[in-house]
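Structural description and commentary
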Protein chains: 2
Amino acid sequence: MKFTIEKSDFLEGLNHVARVIAPNSLFEILKGIKLELSSNNLVLKASDSLVSVEFIIDAYKDDKEIITIEEEGQVVLPSRNFIEIIRKAPTNLIEFESTDSFIKIHSGKSEFNIKGYDAMEYPEFPVISRENSLKLEATVFNDIIRETVFCTAPNDQRPILEGVNFSLKNKILTATATDSYRLSRRQVVLNDEDAEKEFNLIIPRKALTYFQRMIETGGDEVEIFYENNRIVLYYQNVVYTVLLISGNYPNTEKLIPTMFECSFTANSREFFNAVDRISLMSREDKDDIIKLVVTEGNLEISSQAKDLGSAVEELQVNSKLEDDSFEISVSGKYLKDAVSAIASEEIVIKFSGELTAFIVQPSDYHRDIIELILPVRTY
Amino acid sequence: MKFTIEKSDFLEGLNHVARVIAPNSLFEILKGIKLELSSNNLVLKASDSLVSVEFIIDAYKDDKEIITIEEEGQVVLPSRNFIEIIRKAPTNLIEFESTDSFIKIHSGKSEFNIKGYDAMEYPEFPVISRENSLKLEATVFNDIIRETVFCTAPNDQRPILEGVNFSLKNKILTATATDSYRLSRRQVVLNDEDAEKEFNLIIPRKALTYFQRMIETGGDEVEIFYENNRIVLYYQNVVYTVLLISGNYPNTEKLIPTMFECSFTANSREFFNAVDRISLMSREDKDDIIKLVVTEGNLEISSQAKDLGSAVEELQVNSKLEDDSFEISVSGKYLKDAVSAIASEEIVIKFSGELTAFIVQPSDYHRDIIELILPVRTY
């Protein structure tokens with residue numbers, strides 16, 4: 001294996017694939033990055049065995065030669081030092097040559113000889129059938145992830161809740177996440193002909209956060225091929241293979257209330273900032289609890305922390321009530337997360353009782369998003 | 001105690017004094033910030049019992065009223081939440097009123113009631129005699145700290161080496177720091193009439209890093225009043241009181257070699273970058289060892305790491321040798337630290353033997369700075 005490559009293009013790929021590497025992987029070889037050089041491109045591969053990524057660097061970009069290929073081949077390099085060596089290379093051209101298990105890296109007057117892993121030992125990435133796929137605009141997919149992934153359950157709770165449930169039925173794509181204290185659901189109507197199909201998958205949080213980072217700045221489309229327990233995602237020159245979470249995601253449809261005894265509409269930023277301030281007085285408590293009292297045209301937000309003191313703030317809101325006032329206790333953090341996810345100028349919050357889950361939505365319903373939060377019992 | 005204050009001025013002072021607070025202080029009250037409001041200013045105080053700081057906010061700044069004082073007084077506030085409450089206040093004017101041990105903070109429609117500490121319990125800061133003092137330009141003092149403080153010994157080694165030794169004799173101020181593997185010494189000739197005096201003090205690293213952060217952007221002078229075991233430093237509207245490290249600092253003068261068998265002059269940036277690259281191949285080793293081989297007009301920098309591989313780079317240098325070649329092993333990190341501290345376009349490195357300490361200096365000797373580094377025995 002022998003080639004010369006532009007430093008910046010090489011680094012971009014290395015940094016991308018290195019993100020999935022688990023530094024304390026049980027498999028020594030998965031701490032490395034695999035380089036596969038063929039006649040027209042270089043493929044960088046990395047994996048933590050649940051999420052695997054390939055980054056393809058074409059030899060030519062817009063007729064400019066990025067890689068000068070002298071001899072094809074494969075090597076696996078230790079990721080940690082290798083990226084730093086490339087990053088700190090003194091010139092913009094990196095010469096690369098492998099002999100046995102050693103790799104020689106030349107740049108200007110500096111020369112490195114790095115011990116690699118045996119490329120034959122690197123596991124093959126699974127191949128997926130190309131039968132079922134779905135195309136999504138990258139910006140839409142990015143929105144869906146942002147709006148749901150924060151509601152997944154933390155590690156070491158119920159594994160099935162550590163991912164986002166994506167289901168497709170009647171051309172409606174529904175993404176749902178819940179940690180059992182709150183839930184976020186976003187629906188999108190698809191016009192693609194592939195949307196006639198049906199699926200029900202649970203994509204692990206970890207994979208979604210990689211996708212999010214990859215597509216946050218770009219346009220284009222993602223194409224997702226799916227099987228029962230696996231998806232393969234294509235985006236520009238990157239391919240992710242992801243092992244799905246197996247099991248049946250709980251039916252959450254019936255949790256969403258439809259009858260309300262109180263609701264109010266508020267400016268999102270004003271509401272967020274007030275909750276943020278009042279939460280300061282409850283931070284000693286693990287549960288970060290604040291109290292909301294809705295009256296005619298007014299919302300009072302308050303908190304009490306035994307050792308610290310108390311805080312109170314009033315906000316003008318547009319309210320509807322059955323009684324004179326409605327009172328509820330809730331996690332300040334959950335409220336702030338919901339408002340952030342909705343990212344709308346105004347929000348509406350609808351309550352069906354002091355002890356039942358309530359809904360946060362954009363006041364103009366311009367996207368089909370629902371945030372559901374369980375209140376806190378304080379007595 | 002009752003006053004109204006501009007948010008930004010208040011925050012600047014709070015953030016400054018909060019830096020010295022030790023969050024796990026043995027003394028509960030030292031986790032707080034003391035506010036002393038008199039007829040013409042507000043003084044903020046904080047301390048970790050070794051370093052104490054006062055930040056003075058005058059009621060008027062350039063004829064503009066910063067503080068509207070209604071009733072003088074003193075309170076001690078828990079630092080953690082308090083600064084966040086001010087930072088997140090909805091308006092630029094903060095109203096402040098204390099009643100018994102509660103403090104009411106008003107801003108716009110938000111109101112906080114915070115439980116404070118008893119101000120009578122807050123320890124008095126020690127008073128120092130005004131007999132002996134020294135004035136230094138803030139930029140010079142900042143340079144001296146930057147050039148020496150990185151050589152102090154890490155915590156829990158010899159306490160006396162955890163500070164920088166400042167001594168004044170014959171109008172020469174000498175700052176010395178050593179962790180016993182390397183040493184940094186900077187000398188400055190003073191013209192001040194106070195410089196006729198003599199002193200020998202050890203200022204703890206922690207205090208010096210606070211000073212450094214305070215003066216890094218500003219001009220002006222610092223004035224330091226000193227006694228046997230204490231200094232008080234005045235800078236603009238800030239006063240630091242520092243408990244010195246007691247004991248006799250070792251005499252390091254005799255450690256600095258004067259006869260050399262090899263030396264070379266190199267471009268600082270080229271040398272630094274080459275050492276930085278080659279060190280990548282020795283990072284698994286705790287000691288970060290690289291090898292230098294000086295020959296006529298050439299420097300070879302190399303490293304070997306058993307499990308990783310090897311690296312080598314050559315640099316054109318201006319060298320002087322007694323023999324055909326000179327070889328030495330040294331910590332890459334120490335070399336880089338020394339070059340950074342010297343901050344000169346070219347450096348000269350002078351060796352008096354393969355196993356004795358060597359010197360790094362600016363090649364034009366434009367400042368009186370010496371970096372001394374012990375080599376590593378590799379056999």
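As annotated in an unreviewed UniProt entry, chain A carries the name Beta sliding clamp and comes from Gemella sanguinis. Here chain A is described in UniProt, under the heading Subcellular location (unreviewed entry), as follows: "Cytoplasm". Taken from UniProt, the Sequence similarities (unreviewed entry) comment for chain A reads in full: "Belongs to the beta sliding clamp family."

Quick notes on the interface of chain A and chain B
In this assembly, 31 residues from chain A lie in contact with 31 residues from chain B. Of the roughly 2,800 Å² buried between chain A and chain B, counting both surfaces, carbon and sulfur atoms make up 51%. When the area that chain A buries against chain B is broken down by residue, the three leading residues are Lys-88, Arg-277 and Leu-280 of chain A, summing to 20%. Applying the counting rule to chain A against chain B returns 2 salt bridges. With a shortest N-O distance of 3.0 Å, Lys-88 of chain A and Asp-276 of chain B are connected by a salt bridge. Where chain A packs against chain B, one counts 12 residue pairs in polar contact (both at pLDDT 80 or more). Only helix H2 (79-87), strand S11 (110-115), helix H5 (268-279) and strand S23 (309-316) of chain A provide two or more residues apiece to the side of chain A that touches chain B. Sort the elements by how many residues they give to the side of chain A that touches chain B and S23 of chain A lands first, with 7 residues.

Notes on the relation of the copies chain A and chain B
Mapping chain A onto chain B leaves a residual RMSD of 0.0 Å; the transformation is a rotation of 180° accompanied by 0.0 Å of translation along its axis. One copy is carried onto the other by what is essentially a two-fold rotation axis. When the interface residues of chain A are mapped onto chain B, 100% of them again fall at the interface, so both copies present the same face.

Some remarks on helix H2 (residues 79-87) of chain B
Residues and elements named next belong to chain B. Most of H2 sits inside the fold, with 7 of its 9 residues counted as buried. Taken as a whole, H2 has its buried residues at Ser-79, Asn-81, Phe-82, Ile-83, Glu-84, Ile-85 and Ile-86. Buried positions along H2 lie against helix H1 (7-18), strand S2 (32-37), strand S8 (73-78), strand S9 (93-99), strand S10 (102-107) and strand S11 (110-115).

A word on the UniProt feature "domain: DNA polymerase III beta sliding clamp central" (unreviewed entry) in chain A
Residues annotated in UniProt with the feature "domain: DNA polymerase III beta sliding clamp central" (unreviewed entry) correspond here to residues 136-251 of chain A. Secondary structure content for residues 136-251 of chain A is 19% helix and 41% strand, and the end C-alpha separation is 25 Å.

A look at the packing of helix H3 (residues 138-148) of chain A against helix H4 (residues 205-215) of chain A
Residue and element names in this part refer to chain A. It is at 10 Å that the axes of H3 and H4 come closest, and there the two elements cross at 135°. Judged by the inter-axis angle, H3 sits oblique to H4. Crossing geometry of H3 relative to H4 is assigned as left-handed. For the pair H3 and H4, the contacting residues are Ala-138, Phe-141, Asn-142, Ile-145 and Arg-146 in the first and Leu-208, Phe-211, Gln-212 and Ile-215 in the second.

A few points about a negative patch on the surface
Taken together, Glu-71, Glu-72, Glu-95 and Glu-97 of chain A make up a surface patch of like negative charges. Its place among the elements puts Glu-97 of chain A in strand S9 (residues 93-99).

About the criteria used
Residues numbered from 1 in each chain as written. Chains lettered and ligands numbered in written order. Predicted model: local features only at pLDDT ≥ 70, side-chain atom pairs only at ≥ 80, totals over all residues. Heavy atoms only, no water. UniProt positions renumbered as here; feature names shortened; annotations may be inferred. Contact = heavy atoms within 4.5 Å. Buried area = accessible area lost by both parts, 1.4 Å probe. Salt bridge = Lys/Arg side-chain N within 4 Å of Asp/Glu carboxyl O. Polar contact = N/O pair within 3.5 Å; in protein donor to acceptor, adjacent residues only side chain to side chain. Helix = DSSP H or I, 4+ residues; strand = E, 2+ residues; numbered from the N terminus. Least-squares fit on C-alpha atoms with pLDDT ≥ 70 in both. Buried < 20%, exposed > 50% of the residue type's maximum accessible area, 1.4 Å probe, protein only. Axes fitted to C-alpha atoms, helices over the stretch in contact; angles between N-to-C directions. Parallel < 35°, antiparallel > 145°, perpendicular 65-115°, else oblique. Left-handed = near helix turned anticlockwise from the far one by under 90°. Patch = residues over 30% accessible without salt bridge, like charges linked within 9 Å, V, L, I, M, F, W, Y side chains within 5 Å. Areas by Shrake-Rupley, 256 points an atom, 1.4 Å probe, with all protein chains shown as cover. Lys, Arg positive; Asp, Glu negative; His and termini not counted. Charge placed at Lys NZ, Arg CZ, Asp CG, Glu CD.

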